[in-house]
Amino acid sequence: MTSVTPDVPKHQKAKALKPGSRRPAKELCSECGLCDTYYIHYVKEACAFLNQQIAELEAIAHGRSRDLDNEDEWYFGVSQNMMAARRIEPIPGAQWTGIVSTIACEMLERGLVEGVVCVQNSPDDRFQPMPVIARTPEEVLAARVNKPTLSPNLSILEQVERSGMKRLLAIGVGCQIQALRAVQAELGLEKLYVLGTPCVDNVTREGLQKFLETTSQSPDTVVHYEFMQDFRVHFKHEDGSIEKVPFFGLNTKKLKDVFAPSCLSCFDYVNSLADLVVGYMGAPFGWQWIVVRNDTGREMLDLVRPLLETQAVSSSGDRRQAVQQSIPAYEKGVTLPMWAAKLMGVVIERIGPKGLEYARFSIDSHFTRNYLYVRRTHPEKLDDHVPEFAKRIVGQYQLPDS
Ligand code: FAD
Ligand code: SF4
């Protein structure tokens, strides 16, 4: 009698790369974690830096790719609805009001999912990411607040398949979610929910240290920071105090090489492939910004509606001149003296772009910078790597010739 061995999926025969070894995307690797698993088998198609395929994956995830003739979709991706929201009772220690953690906890409590991919911090370093599959609300809450560093969230994907889990929520940033969407069909899941956050200017753990030491007066006590809609970086310290540093006072010369090359070549700021996106940049100060991309995203948001206060999104000001002026200023590494930076911050806060226009300001400034970075460092990738929506955004501005 011959024994029949069940077919082992091809990817399970692949071998994860060793920690610290060079990744297929080389210096552009964002350490998303895929290559730490046997799903490296799919890396050539799945890696966001080897095979940009946002429009194709949008069509699979949302049923269509974004409508480039609709300004909101052109900038913010496929959406059914956008709003500003905040938890009526914020979660202490969350990055903003904790909407992300709240949705994840509700989904576990109601049995919609068996596990949540999220990122806690290592026991001895609050900023060192430690991806986990949380199975209880307590484990989700232990992952609250940003780890503002590259995080290998997908490194737990093998555990997902081995566990036999069928219903999963993944929380992550754009590059992680692009790779996840590309291998989604191979995970053996019945249902995958994807809750994304926008992401920009991420750094390695060493880069973060340099940023904190260059920018904060007390780098060791920072528990949390954010580039805020008032054009200042807000550092929250262990004692609860808030230190504010105007964007225009940042030491751009010293900080130029601090951002990871992956993030300097990323055009998925708004997490195009998540079902639901929760950020802040399109909302008034103190509020979070929500983009519902599809029915799955709506289902997730509806679970927590009674816990939220909401308002319509709004938009005012005109970002274009500020973006155009920021291009040569960044190129030359201009840093204003602190008094002038503070003054400029006050003026621009009063008359500058707000709401969705602030979000467009941030997208335009980052996309023009990143376009120039890719054009200089990887000219051979420029055409395929930059999505059409980003080419059109960058095309609104005059860029230096070289
Ligand atoms: P919380 O309830 O505190 O939950 C935070 C969740 O984020 C946790 O579930 C955790 O698993 C996850 N997480 C933490 N660190 C990482 C990481 N490194 N990679 C993947 N997942 C992580 N929003 C904007 O509107 N504009 C921006 O420019 C912007 N930049 C960001 C940059 C980074 C590096 C990150 C991680 C997020 C960024 N966001 C940005 C999103 C924003 O800062 C908040 O994370 C979001 O609004 C959710 O807040 P919350 O209070 O609901 O989250
Ligand atoms: Fe692998 Fe992710 Fe790095 Fe691409 S970004 S090389 S998929 S770990």
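Whatever comes next refers back to the structure up there.
Because the structure is predicted, anything quoted here is derived from the model rather than measured.

Description of the site of ligand 2
Every residue lining ligand 2 is accounted for by Arg23, Pro24, Ala25, Cys29, Ser30, Cys32, Gly33, Leu34, Cys35, Val43, Cys47 and Phe49. Classifying every residue of the shell around ligand 2 by side-chain character gives 9 nonpolar, 2 polar and 1 charged.

Description of the site of ligand 1
Not every one of the 33 residues close to ligand 1 is listed here, only the nearest: Trp96, Ser101, Asn146, Lys147 and Tyr280. A distance of 2.8 Å is found between an oxygen atom of ligand 1 and a backbone nitrogen or oxygen belonging to Val145. One of the backbone N or O atoms of Met281 is found 2.9 Å from an oxygen atom in ligand 1. When ligand 1 is considered free in solution it has 930 Å² of accessible area, and contact with the protein chains removes 98% of it. At the level of elements, helix H4 (99-109), strand E2 (115-122) and strand E9 (276-279) are the ones that each hand at least two residues to the shell around ligand 1. Of all the elements, H4 adds the most residues to the shell around ligand 1, at 3 residues.

Points about the sheet that holds strand E4 (residues 167-172)
Pairing in this open sheet of 8 strands is mixed, and the strands run E3-E2-E4-E5-E9-E10-E1-E11 from one edge to the other. Strands at the two margins of the open sheet, each flanked by one partner only, are strand E3 (125-134) and strand E11 (308-311). Direction aside, neighbouring strands of the sheet carry axes that sit 30° apart on average. As paired elements, strand E1 (residues 81-87) and strand E10 (residues 288-292) share 5 bridges and run antiparallel to each other.

Section: the environment of Phe127
Relative to the assigned elements, Phe127 resides in strand E3. Linking Phe127 and Thr310, residues 183 residues apart in sequence, is a C-alpha distance of 31 Å.

Focus: the pattern of salt bridges
Under the counting rule described, the total for this entry stands at 22 salt bridges. Put simply, Glu58 and Arg66 hold a salt bridge, and the shortest N to O gap is 3.0 Å. What makes Arg66 buried here is its relative accessible area of 6%. The closest approach of N and O atoms between Arg205 and Asp125, which form a salt bridge, is 2.7 Å. Taken together, the residues span a long stretch of sequence, with Arg205 in helix H8 (residues 205-215) and Asp125 in strand E3 at a distance of 80 residues.

Scoring rules and cut-offs
Residues numbered from 1 in each chain as written. Chains lettered and ligands numbered in written order. Predicted model: local features only at pLDDT ≥ 70, side-chain atom pairs only at ≥ 80, totals over all residues. Heavy atoms only, no water. Near = heavy atom within 4 Å. Nonpolar A, V, L, I, M, F, W, Y, C, P; charged D, E, K, R; others polar. Polar contact = N/O pair within 3.5 Å; in protein donor to acceptor, adjacent residues only side chain to side chain. Areas by Shrake-Rupley, 256 points an atom, 1.4 Å probe, with all protein chains shown as cover. Helix = DSSP H or I, 4+ residues; strand = E, 2+ residues; numbered from the N terminus. Pairing = 2+ DSSP bridges. Axes fitted to C-alpha atoms, helices over the stretch in contact; angles between N-to-C directions. Salt bridge = Lys/Arg side-chain N within 4 Å of Asp/Glu carboxyl O. Buried < 20%, exposed > 50% of the residue type's maximum accessible area, 1.4 Å probe, protein only.

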